Amino acid sequence: MILQKKTGDRYLIAYSREIDQKHDSEELVRQFRMVYTAKKWIYARAFEGEPSVDNFRLEEETMPEIKDGEFLAKAEFLSVDPYMRIYVLSYPIGSVMIGGQIAQVLESKNSDFPVGAYVFGQFGWRTYSICNPVGIETRKPYVLPDFGGLPRSLGIGSCGTVGNSAYFGFLEICQPVAGETVVVSGAAGAVGNLVGQIAKIKGCRVIGLAGSDEKCEWLREIGFDWAINYKTANVEKELREAAPNGIDCYFDNVGGQISATIKSQMKERGRIAVCGSISMYNGKPEKVQDPQIEFVWKQLVQEGFSVHRWTDRWFEGIEQNLKWIQEGKIKYRETITHGFENMPKAFISMMNGGNIGKAIVQV
């Protein structure tokens, strides 16, 4: 017979010799196993337009015992990001909602992931996860490096996928040169603000576009030379004032009409890195003037990217961004929502521009 005592979201399972004489009592009486009940958010209904709470369903499941090569981890911080709105469309309804998280290893049969270690993993929206890293080619889980007293949440922000998107996407594709003019759209978001700060480190003049006066003020505080509230300003006019000689590099997070306006003011041989197109994620694509003429006459170069192209250099980006933060050259900001039950709320808010810096859920 099995005795169970619930402790939070865990059950302590004890096998009793006196109650069940059929088993090897000496072994079983010493055998205690924590059984974890995971909460998980399910992608329950296909997105149509803006996400709503009806797109998600909260479920529970009991975690099985781990097998050789596996580890079990408990979520501490979970990420909500714009890419989830598009990437999850390739998953069947009923799947666990996708996403990265920082988690602590509770049980392990994998020496690379010892008990007590904090890891980053693409485990999805769930409180407990079992992972076997063997066979995972991209988006591999890894043990967090030492952040030297800085918060672990940076592992899903400036010192994680977000930071690497800014570091590699901007430096490798735009290849900025000191003195050049750089424009960043979605500049107060998780990736955009880092791109702007890295551009300043490289000696560039930086213009950021964001969706509120508060966000624009913060961009100025962290070193942007010019900030434009695209919701209230005449973007075309302000760009000409901010960059009268044209734009050398554009880091695109939004797409749509804003990007079309920015591209129309680029210099010859201007470089464009496309990280996202959030302005068109929730609805129908915007109609913009055909940009091909600009690309031909100005010989513009545009390249989209997935950050996992640089998996083999992953820790280069993390270590460099961490060093810049420790030196005070990069400032970070997080918008934290508390409670796993608020994952959909945090995601919806982020998709509507409710965050400044990285949007995070703390369990």
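Preceding this paragraph is the structure being described.
What comes next is a walk through the structure. (Residues numbered from 1 in each chain as written. Predicted model: local features only at pLDDT ≥ 70, side-chain atom pairs only at ≥ 80, totals over all residues. Heavy atoms only, no water.)

## What about the overall build of the protein?
Looking only at helices and strands, the protein features 10 helices and 17 strands. Split into buried and exposed, the 363 residues of the protein put 50% on the buried side. If you take every contact in the protein between residues at least 6 apart in sequence, the share linking residues at least 24 apart comes to 66%. When the accessible surface of the protein is summed, it comes to about 17,400 Å², and 49% of that surface belongs to carbon and sulfur atoms. (Helix = DSSP H or I, 4+ residues; strand = E, 2+ residues; numbered from the N terminus. Buried < 20%, exposed > 50% of the residue type's maximum accessible area, 1.4 Å probe, protein only. Contact = heavy atoms within 4.5 Å. Areas by Shrake-Rupley, 256 points an atom, 1.4 Å probe, with all protein chains shown as cover.)

## As for helix α5 (residues 213-221)
Three- or four-residue spacings in an α-helix give side chains the same orientation, since the helix completes a turn every 3.6 residues. Among all positions of α5, only K215, C216, W218 and L219 are buried. Along the long axis of α5, the arc covered by the buried residues comes to 160°, so they all point the same way. Those residues of α5 that are exposed and angled more than 90 degrees off the buried face are D213, E214 and E221. Where α5 is buried, its residues contact α4 (192-201), β11 (205-210) and β12 (226-229). (Arc of directions from axis to C-beta.)

## A word on empty space enclosed by the protein
To find leftover empty space, a probe the size of one water molecule is rolled over the atoms. Per the stated rule, a full pass over the model turns up three cavities of 30 Å³ or more. The computed volume of the largest cavity comes to approximately 60 Å³. L154, G157, S158, A190, N193, L194, Y332, R333, E334 and K358 are the residues that line the largest cavity. Per-class residue counts for the lining of the largest cavity are four nonpolar, three polar and three charged. (1 Å grid on protein atoms, 1.4 Å probe; cavity = no way out; pocket = protein on both sides within 12 Å on 5 of 7 lines; lining within 4 Å. Points joined across faces, edges and corners; volume = space filled by probe spheres on them. Nonpolar A, V, L, I, M, F, W, Y, C, P; charged D, E, K, R; others polar.)

## Some words on the side chain of E76
If you trace the backbone, E76 turns up in strand β5 (residues 71-79). A distance of 2.8 Å separates the side chain of E76 from the side chain of R152, its partner in a polar contact. Dropping the residues within four chain positions of it, E76 is found in contact with I102, A103, Y118, R152, V361, Q362 and V363. (Polar contact = N/O pair within 3.5 Å; in protein donor to acceptor, adjacent residues only side chain to side chain.)

## Examining the pattern of salt bridges
One pass over the structure, following the stated rule, counts 19 salt bridges. Put simply, R220 and E217 hold a salt bridge, and the shortest N to O gap is 3.5 Å. Note that R220 and E217 are positioned in helix α5 at a spacing of three residues, about one turn of the helix. With a closest N to O distance of 2.5 Å, K323 and E327 form a salt bridge. Residue K323 is classed as partly exposed on the basis of its relative accessible area, which comes to 42%. In this structure, a network of salt bridges that share partners links the residues K40, E61 and R126. (Salt bridge = Lys/Arg side-chain N within 4 Å of Asp/Glu carboxyl O.)

## Section: the packing of aromatic side chains
If you walk through the whole model with that rule in mind, you get 17 aromatic pairs. With 6.0 Å between their ring centres and 85° between their planes, F56 and F347 make a pair best called edge-to-face. Pair noted here: F56 is in strand β4 (residues 56-62) and F347 is in helix α10 (residues 343-351), with a separation of 291 residues, a long-range link. By relative accessible area, which is 6% here, F56 ends up buried. Its end group placed over the ring of Y118, R152 keeps NZ or CZ at 3.7 Å from the ring centre. The ring of W218 is capped by R333, whose NZ or CZ atom sits 5.7 Å from the centre of that ring. (Phe/Tyr/Trp six-rings, centres within 6.5 Å; stacked < 30°, edge-to-face > 60°. Lys NZ or Arg CZ within 6 Å of the ring centre and 35° of its normal.)

## A few points about the environment of E107
As for its placement among the helices and strands, E107 is situated in strand β6 (residues 101-108). Among the residues examined, E107 registers a relative accessible area of 21% and is labelled partly exposed. Sequence separation between E107 and L72 is 35 residues; the distance between their C-alpha atoms is 5.1 Å. Filtering out sequence-adjacent residues up to four positions away, E107 remains in contact with M34, Y36, I66, F71, L72 and V115.

## Focus: the nonpolar core
Of all hydrophobic cores here, the largest spans 50 residues; its most connected members are F170, I198, L219 and F251. The set of elements that each furnish at least two residues to this core consists of α3 (161-174), β10 (181-184), α4, β11, α5, β13 (247-252) and α9 (314-326). Take this core: its biggest share by element is eight residues, from α3. When residues no more than four places from it in sequence are discounted, the contact partners of L219 are A187, A188, G208, A210, F224 and A227. With 21 residues, the next largest nonpolar core counts Y43, Y281, F340 and V361 among its residues. (Core = buried A, V, L, I, M, F, W, Y, C linked by side-chain atoms within 4.5 Å.)

## Here's the deal with the environment of S185
Position of S185 relative to the elements: it lies in the loop between β10 and α4. Sequence separation between S185 and G276 is 91 residues; the distance between their C-alpha atoms is 9.9 Å. Sequence-distant contacts of S185, defined by excluding residues within four places in its chain, comprise L209, Y250, F251, D252, N253 and V254. Within the local environment of S185, its side chain forms a polar contact with the side chain of Y250, the two groups lying 2.9 Å apart.

## Notes on unusual backbone geometry
Trans peptide bonds make up the majority, and among non-glycine residues the majority have a negative phi. Notably, R139 is not glycine yet its phi reads approximately 55°, a positive angle. With respect to the element layout, R139 can be found in the loop between β8 (128-131) and β9 (142-143). Positive phi, normally seen in glycine, also occurs at Q299, with a value near 55°. Among the secondary structure elements, Q299 is positioned in the loop between α8 (292-298) and β15 (301-304).

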